[in-house]
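Structure at a glance
Chain residues, written in single-letter form:
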Amino acid sequence: MEKLNEQGLISGADALRALADGKDVEYWCENDPSIQKRWTPIKAFNEYRLSYFLEDKPRFEFRLKPSTIKLSLEIPAPFRPKSGDMVWCLSELSEKGYEARTAYDAEDFIPHIAYWRTEEEIKKVVAALRGGIKG
């Protein structure tokens, strides 16, 4: 089990164990001018010297590749519709990512789904979600 420090870093020995277990490990070395991004995935173990992982005063920092993303989105607030309201909601079945609905009874609205009043509002929601989620 990898021991994460408060910055989410793991030791070189834990990085080796994680690689052996098939986990995605990234490194960062301040002295490496070839690195374009701060964190670089370790693609093949044979590209790296064992000493990089086991140095007494490590030049490299290691971490497990984050498996979550952080979203910071500003979208129009949804509302709770009433019977007869035409609403807009997210839809995975629509190419646009949303659809319109009209409910003729209050039970036609599903409580855990968010609804918006206008197509312009839902377009902003879809654009924010599509732009904010990068894999």
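Quick caveat, the model's predicted, so the values are computed rather than measured. (Residues numbered from 1 in each chain as written. Predicted model: local features only at pLDDT ≥ 70, side-chain atom pairs only at ≥ 80, totals over all residues. Heavy atoms only, no water.)

1. As for the sheet that holds strand β1 (residues 25-29)
One open sheet accounts for three strands, arranged β2-β1-β3; its pairing is antiparallel. One side of each edge strand has no neighbouring strand; the edge strands of this open sheet are β2 (40-41) and β3 (60-64). (Pairing = 2+ DSSP bridges. Helix = DSSP H or I, 4+ residues; strand = E, 2+ residues; numbered from the N terminus.)

2. Here we look at the packing of aromatic side chains
Evaluated as defined, the whole model comprises five aromatic pairs. Taken together, a centroid distance of 4.9 Å and an interplanar angle of 15 degrees make the contact between F53 and F62 stacked. Here the two residues F53 and F62 agree in accessibility, since each one is buried. Measuring from centroid to centroid gives 6.3 Å for F60 and F62, while their planes differ by 20 degrees, and the two rings are stacked. As far as burial versus exposure is concerned, F60 and F62 are alike and both buried. Three or more aromatic residues joined by ring pairs make a cluster, and in this case those are Y27, F53, F60 and F62. The ring of F79 carries R117 above its face, with NZ or CZ at 4.0 Å from the centroid. (Phe/Tyr/Trp six-rings, centres within 6.5 Å; stacked < 30°, edge-to-face > 60°. Buried < 20%, exposed > 50% of the residue type's maximum accessible area, 1.4 Å probe, protein only. Lys NZ or Arg CZ within 6 Å of the ring centre and 35° of its normal.)

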